[in-house]
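Residue strings, one per chain:
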Amino acid sequence: MIWLIALALLLLAFAGAPFFALIAAVALLGLNASDYDLIIAAAEFFRITDVPVLIAIPLFTIAGYLLGESKAPQRLVRLTDALFGWMPGGLAVVALMSCALFTAFTGATGVTIVALGAVLFPALIQARYPTKFTLGLITTSGSLGLLFAPSLPLIIYAVVAQQLNTTPPVGVDEMFRAGLLPGLMMLVLLAIYSVWSGRGRARARVKFSGREALAAAWDARWEIPLPVVVVGGIYGGWFAPSEAAAVTALYVSITVLAIRREISLSKVPQVCRDAMVLVGAILVILGCALALTNYLIDADIPGQLFEVIREHISSRFVFLLVLIVFLLFFGMLLEGYPAIIILVPIVLPIAMRYGVDPVHFGIMFLAILQLGFFTPPLGMNLFISSYRFNRPVLEVVRACVPFFFIVLFCVLVITFWPWLSLVLVR
Amino acid sequence: MAEANDPEVGAHARGIWYALHRAEDALLTLLVAALVLIAGGQIVLRAGFNSGVDWTEPLLRCLVLWVAMFGAMLAAREDKHLGVDAIPRMLSGLPRIVVRLLAQGFAAVVCGLLAWYSVGLVMLEHESQTIAFAQVPTWVTQLAMPLGFGVMAIRFALRAVGVRRNAASGTTGTAEGA
């Protein structure tokens with residue numbers, strides 16, 4: 001019977017049924033089988049209002065969408081170009097850094113590729129970078145920055161992990177600090193590769209100009225305080241994440257709508273709608289998952305799974321390798337946020353029985369998700385890039401190959417070297 | 001029915017859809033504006049004037065629920081709920097209609113159930129009369145759930161039977177009723 005239901009749900013999933021409905025169905029069926037009054041499912045969903053840090057999700061999202069609709073991406077590229085464009089392969093490094101910063105603020109939702117790609121793609125082509133390299137670079141950069149504060153996946157992972165009452169507990173602050181070094185490692189390795197493949201083209205680029213740097217900085221005068229105050233405030237411990245989100249949303253609204261006036265007020269409902277469709281889609285999945293998580297814990301599903309897995313896998317090393325493959329596949333299939341909400345409650349308790357630290361697990365999990373965003377055949381960013389730059393998907397896939405292996409290398413380092421994630425935390 | 005083909009009635013019905021959609025958009029924009037202003041204002045008050053209102057925190061958390069439910073309603077309207085859509089996109093003709101009926105119909109049933117149990121939750125809270133913040137009772141803040149899931153159930157049911165012409169390709173996010 002259970003297998004029949006599982007099969008039916010799997011078929012429905014591939015037929016395109018929304019994730020939240022599938023999760024809710026499992027929760028309702030499970031609670032019903034355990035003789036609960038099903039009103040408890042609604043009550044668990046309502047616990048969305050018990051998690052204060054969730055306020056950060058709509059606030060960061062609206063700020064990100066407003067920034068994406070404004071001319072901030074152009075100014076960001078101009079500024080980083082003025083500062084780093086003189087280096088060999090400088091423009092590629094500019095692309096990596098501006099994408100990482102932008103993704104940290106907008107979450108890896110494809111906004112980066114759409115908003116920054118429009119500026120960076122023609123600039124890179126004009127600077128005589130090969131199309132293939134450019135395509136791979138932009139597609140990869142679309143999810144780079146996932147590990148830097150204040151990215152939403154870090155927050156959502158912490159929220160989901162907190163529901164499981166792990167020891168040691170997982171805080172949003174801890175996730176922010178844990179992601180810093182692994183994120184920098186990815187950025188540096190990708191930058192080294194870009195500089196290396198950009199050698200020889202360097203002389204075609206401009207020299208450093210103090211005048212242009214100052215002009216670009218002045219041009220971006222309203223945006224510069226944002227990462228400094230928010231990211232500095234978070235890493236410095238002055239702001240709680242939800243406070244940082246409130247400051248960001250208010251500041252961005254004022255600068256974009258009142259001072260710069262780059263988005264007309266009549267366009268605001270459209271931007272709100274686009275942003276909140278994403279927020280609604282994520283939070284409804286989260287709410288349904290809250291109902292499911294309690295059932296999973298009650299029925300000790302992770303414990304039973306662990307017993308089964310332990311019969312086949314005894315070493316932590318093999319477990320982690322299998323986990324990477326498993327998460328890469330589902331990360332690609334579930335497109336980011338749903339993967340965190342659906343998989344963490346099941347996989348984290350199992351990983352902890354193998355002695356994996358929950359904070360380290362989170363960073364590893366998100367690093368794999370980041371890879372999943374451009375893993376063929378279904379990685380979401382492959383399609384966004386293909387659509388945005390009007391190239392066949394297969395060409396995008398081929399272009400991403402060297403970048404894929406660099407990020408995969410980083411994933412392996414992050415997985416088997418917990419120190420990198422934990423040194424700033426514990 | 002004969003009236004369904006009457007252009008006058010059709011235009012009128014479209015007008016109602018249009019008005020409903022604009023109302024959804026307007027409410028959502030108001031909710032977002034309230035969220036940004038209250039959350040941001042609270043910080044400014046606390047940092048600048050060392051004061052604040054002690055029920056803004058629970059109010060903000062309720063706003064998150066309302067924003068989430070309205071966002072989810074719009075996601076249902078624009079067919080933007082997260083799911084695996086690779087296979088339906090590859091199909092056409094009868095298989096596509098059957099697959100859509102199954103997936104969207106299933107979502108409609110689940111949303112209907114969630115709306116039903118949400119009504120139960122609201123009624124339970126109504127009896128216990130707890131206060132969420134200021135003078136607002138908890139059951140009022142919960143109304144977003146039966147409303148949201150109810151509207152979503154209707155949206156999914158309509159899409160299941162293919163009422164919207166651009167149901168499967170509704171990624172443009174424009175007002176279909178206009």
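Preceding this section is the structure that the text describes.
Residues numbered from 1 in each chain as written. Chains lettered and ligands numbered in written order. Predicted model: local features only at pLDDT ≥ 70, side-chain atom pairs only at ≥ 80, totals over all residues. Heavy atoms only, no water.

Some remarks on the overall build of chain A
- The helix and strand inventory of chain A stands at 21 helices and zero strands.
- Relative to the 2.2 N^0.38 estimate, which gives 22 Å for 426 residues, the radius of gyration of chain A is 22 Å and therefore close to what a compact globule would have.
- Principal-axis analysis of the C-alpha atoms gives chain A an extent of 70 × 45 × 45 Å.
- Restricting to contacts in chain A with at least 6 residues of sequence separation, those with at least 24 account for 81%.
- The distance from the centre of the 25 positive side-chain charges to the centre of the 21 negative ones in chain A is 19 Å. (Helix = DSSP H or I, 4+ residues; strand = E, 2+ residues; numbered from the N terminus. Rg over C-alpha atoms; globule rule 2.2 N^0.38 Å. Contact = heavy atoms within 4.5 Å. Lys, Arg positive; Asp, Glu negative; His and termini not counted. Charge placed at Lys NZ, Arg CZ, Asp CG, Glu CD.)

Brief notes about helix 20 (residues 393-416) of chain A
- Here helix 20 of chain A spans 32 Å end to end across 24 residues, near enough to the 34 Å set by a 1.5 Å rise per residue.
- The largest bend in helix 20 of chain A is about 45°, located at Val401 of chain A, with the proline Pro402 of chain A one to four residues further on. (Expected span 1.5 Å × (residues − 1). Bend = angle between axes of the 7 residues up to and from the residue.)

So, the layout of surface pockets
Residues and elements named next belong to chain A.
- Size it by volume and the second largest pocket reaches roughly 1600 Å³.
- Lining the second largest pocket are 38 residues, and of these Ala6, Leu9, Leu10, Val26 and Ile346 lie nearest its centre.
- Looking at the lining of the second largest pocket element by element, the count peaks at nine residues for helix 1 (residues 2-14). (1 Å grid on protein atoms, 1.4 Å probe; cavity = no way out; pocket = protein on both sides within 12 Å on 5 of 7 lines; lining within 4 Å. Points joined across faces, edges and corners; volume = space filled by probe spheres on them.)

A closer look at the interface of chain B and chain A
- With 61 residues of chain B at the interface, the matching set in chain A holds 53 residues.
- Summed over both sides, the interface between chain B and chain A buries roughly 4600 Å², with carbon and sulfur atoms accounting for 82% of that surface.
- We note a salt bridge from Arg273 of chain A to Asp25 of chain B, for which the minimum N-O separation is 2.8 Å.
- The interface formed by chain B and chain A holds five residue pairs in polar contact (both at pLDDT 80 or more) in total. (Buried area = accessible area lost by both parts, 1.4 Å probe. Salt bridge = Lys/Arg side-chain N within 4 Å of Asp/Glu carboxyl O. Polar contact = N/O pair within 3.5 Å; in protein donor to acceptor, adjacent residues only side chain to side chain.)

Examining the side chain of Thr56 of chain B
Residues and elements named next belong to chain B.
- The topology assignment puts Thr56 in helix 2 (residues 56-77).
- Given a relative accessible area of 10%, Thr56 falls into the buried group.
- Within polar-contact distance, the side chain of Thr56 engages the side chain of Gln42 at 3.0 Å. (Buried < 20%, exposed > 50% of the residue type's maximum accessible area, 1.4 Å probe, protein only.)

Here we look at helix 17 (residues 337-353) of chain A
Residues and elements named next belong to chain A.
- Over its 17 residues, helix 17 runs 24 Å from end to end, which matches the ideal 24 Å to within 8%, given 1.5 Å per residue.
- Val344 marks where helix 17 bends most, by close to 55°; the proline Pro345 follows one to four residues later.
- The buried fraction of helix 17 amounts to 13 of the 17 residues, a majority that puts the element mostly inside the structure.
- Residue Gly355 follows helix 17 closely and has a positive phi angle near 85°.

Quick word on the environment of Ser118 of chain B
- Here Ser118 of chain B shows up in helix 4 (residues 93-128).
- We classify Ser118 of chain B as buried; its relative accessible area is 1%.
- Distance from Ser118 of chain B to Gly148 of chain B, taken between C-alpha atoms, is 9.9 Å for residues 30 residues apart in sequence.
- With residues near it in sequence (within four places) discarded, Ser118 of chain B still touches Ala42 of chain A together with Met145, Pro146 and Phe149 of chain B.

Concerning a nonpolar patch on the surface
Residues and elements named next belong to chain A.
- Judged by side-chain polarity, Phe317, Val318, Leu321, Val322, Leu412 and Phe416 come together as a nonpolar surface patch covering roughly 470 Å² of accessible area.
- For the nonpolar patch, the elements supplying multiple residues, two or more each, are helix 16 (316-334) and helix 20.
- Broken down by element, the residue count for the nonpolar patch peaks at four residues, all from helix 16.
- Looking at the element boundaries, Phe317 is found in helix 16. (Patch = residues over 30% accessible without salt bridge, like charges linked within 9 Å, V, L, I, M, F, W, Y side chains within 5 Å. Areas by Shrake-Rupley, 256 points an atom, 1.4 Å probe, with all protein chains shown as cover.)

Regarding the nonpolar core
- Phe20, Tyr157 and Leu366 of chain A together with Phe149 and Met152 of chain B are the most contacted members of the largest nonpolar core, which totals 217 residues.
- Examining the composition of this core, we find that 21 residues originate from one element, helix 14 (residues 268-298) of chain A, more than from any other.
- Beyond its immediate stretch of four places on either side in the chain, Leu366 of chain A contacts Leu146, Leu147, Pro153, Leu154, Tyr157, Met175 and Ile340 of chain A.
- With five residues, the next largest nonpolar core counts Leu79, Ala82, Ala213 and Ala220 of chain A among its residues. (Core = buried A, V, L, I, M, F, W, Y, C linked by side-chain atoms within 4.5 Å.)

Let's talk about the pattern of salt bridges
- Within this structure, the stated rule accounts for 18 salt bridges over all chains.
- Put simply, Arg47 of chain A and Glu44 of chain A hold a salt bridge, and the shortest N to O gap is 2.9 Å.
- Its relative accessible area of 23% is what places Arg47 of chain A among the partly exposed residues.
- Of the charged contacts in the structure, one is a salt bridge between Glu24 of chain B and Arg155 of chain B, with a shortest N-O distance of 3.5 Å. Of this pair, Glu24 of chain B sits in helix 1 (residues 7-49) while Arg155 of chain B sits in helix 6 (residues 144-160); the two residues are 131 residues apart in sequence, bridging distant segments of the chain.
- One network of salt bridges, with partners in common, ties together Arg273 of chain A together with Arg22, Glu24, Asp25, Arg77, Glu78, Lys80 and Arg155 of chain B.

Quick word on the environment of Leu137 of chain A
All names here are of chain A.
- Structurally, Leu137 is set in helix 8 (residues 131-141).
- Placed 44 residues apart in sequence, Leu137 and Val93 show a C-alpha to C-alpha distance of 9.8 Å.
- If we skip the residues at most four places from it in the chain, Leu137 touches Ala92, Ala95, Leu96, Leu124, Ser194 and Phe403.

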